[in-house]
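Residues per chain are reported as follows:
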Amino acid sequence: MIIIPAIDIIEGKCVRLSQGDYHSQKIYNENPLEVAQMFEDMGIKHLHLVDLDGAKANHVVNWKVLEKIATITNLQIDFGGGIKSEKDLQIVFDCGAHQATAGSIAIKNRDEVIRWLKKYGKEKIIIGADVYDKKIAVSGWQEITEKDIFEFLNDYMQQGMKYCICTDISKDGMLQGPSTELYKSILTEINNLKLIASGGISSINDIYVLKENGLYAAIIGKAIYEHKISLIDIKNYHLQLN
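Student: Please give an account of the overall build of the protein chain that cites residues and values.
Tutor: Secondary structure assignment for the protein chain yields 11 helices and 12 strands. Relative to the 2.2 N^0.38 estimate, which gives 18 Å for 242 residues, the radius of gyration of the protein chain is 16 Å and therefore close to what a compact globule would have. For the protein chain, the spread of C-alpha atoms along the three principal axes comes to 40 × 35 × 35 Å. Residues counted as buried form 55% of the 242 residues belonging to the protein chain. In the protein chain, once contacts between residues fewer than 6 apart in sequence are set aside, the share between residues at least 24 apart is 66%.

The structure is reproduced here in structure tokens:
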């Protein structure tokens, strides 16, 4: 299981939210590139970059931040937030993203996302499943749908999905531990899914618990910025894998 640090962007700055509430934003660094370079210097190879302005605006906004990080570092970046059209998707890939996350559009325009999976390949498209009480949330988590997480994932598995980031909104930014039971139940029901945990991770112990339960990767945000998990912890974890 790999660890993927997160950088969330509002107005070009590195921020974190709690439970997706934009009013809860806290700025951690004015320069996301500095943060990305710090991750790379510690041997981290992957980055989860989220355009929160884009998620609100329904189109990619902070592509220049992506382009700068992708140009200056060797991090493999998965980019999400605001990808609502193939034009957005092309911008993201042209700016250097290794993968793109289809979040709200995976619910709102299923046919388009299935077309992307076929055109760009399952290695390039990550399906984002933001969940509240096992129901999918969309539009920057402002709207909870009636779509069940298991129904949603089973459908996309049949369409060729390989990677899924699953975020429990109730856990996100709260530093109270991840939704391990939810992830276990997903992996029990759905075979061959590379499931990426997101939300609530608060200690290096949470990482080992997720690893034991078969997660492909874990995204960590606030726990890094609030010094609950150190970059040395992450470096040592990855050294143990090698």
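Back to the text.
Student: I'd like to hear about the pairing of strand β12 (residues 217–220), residue by residue, with values.
Tutor: Neither face of β12 is open: one carries Ala-217 and Ile-219, the other Ala-218 and Ile-220, and all of them are buried. By the bridge criterion, four bridges tie strand β1 (residues 2–10) to β12 in an arrangement that is parallel. From the neighbouring strand, Ile-2 faces β12, where its bridge partner is Ala-217. Alignment of strand β11 (residues 194–198) against β12, held across three bridges, turns out to be parallel. Opposite Ala-197, over in β12, you have Ala-218 as the bridge partner. You can see the chain leave β11, run along helix α9 (residues 204–212) and come back into β12, and the turn it takes is right-handed.

Student: Hey, could you go over unusual backbone geometry for me, with residue numbers and the actual values?
Tutor: Backbone geometry places Asn-58, a non-glycine residue, at a positive phi of 65 degrees. Among the structural elements, Asn-58 can be located in the loop between α2 (52–57) and α3 (63–72). Accessibility expressed as a relative area gives 41% for Asn-58, which makes it partly exposed. Positive phi, close to 55 degrees, is recorded for Asp-133, a residue that is not glycine. With respect to the helices and strands, the residue Asp-133 is situated in the loop between β7 (125–132) and β8 (135–138).

Cut-offs applied
Residues numbered from 1 in each chain as written. Predicted model: local features only at pLDDT ≥ 70, side-chain atom pairs only at ≥ 80, totals over all residues. Heavy atoms only, no water. Helix = DSSP H or I, 4+ residues; strand = E, 2+ residues; numbered from the N terminus. Rg over C-alpha atoms; globule rule 2.2 N^0.38 Å. Buried < 20%, exposed > 50% of the residue type's maximum accessible area, 1.4 Å probe, protein only. Contact = heavy atoms within 4.5 Å. Pairing = 2+ DSSP bridges. Right-handed = clockwise from strand over helix to strand, strands pointing away.

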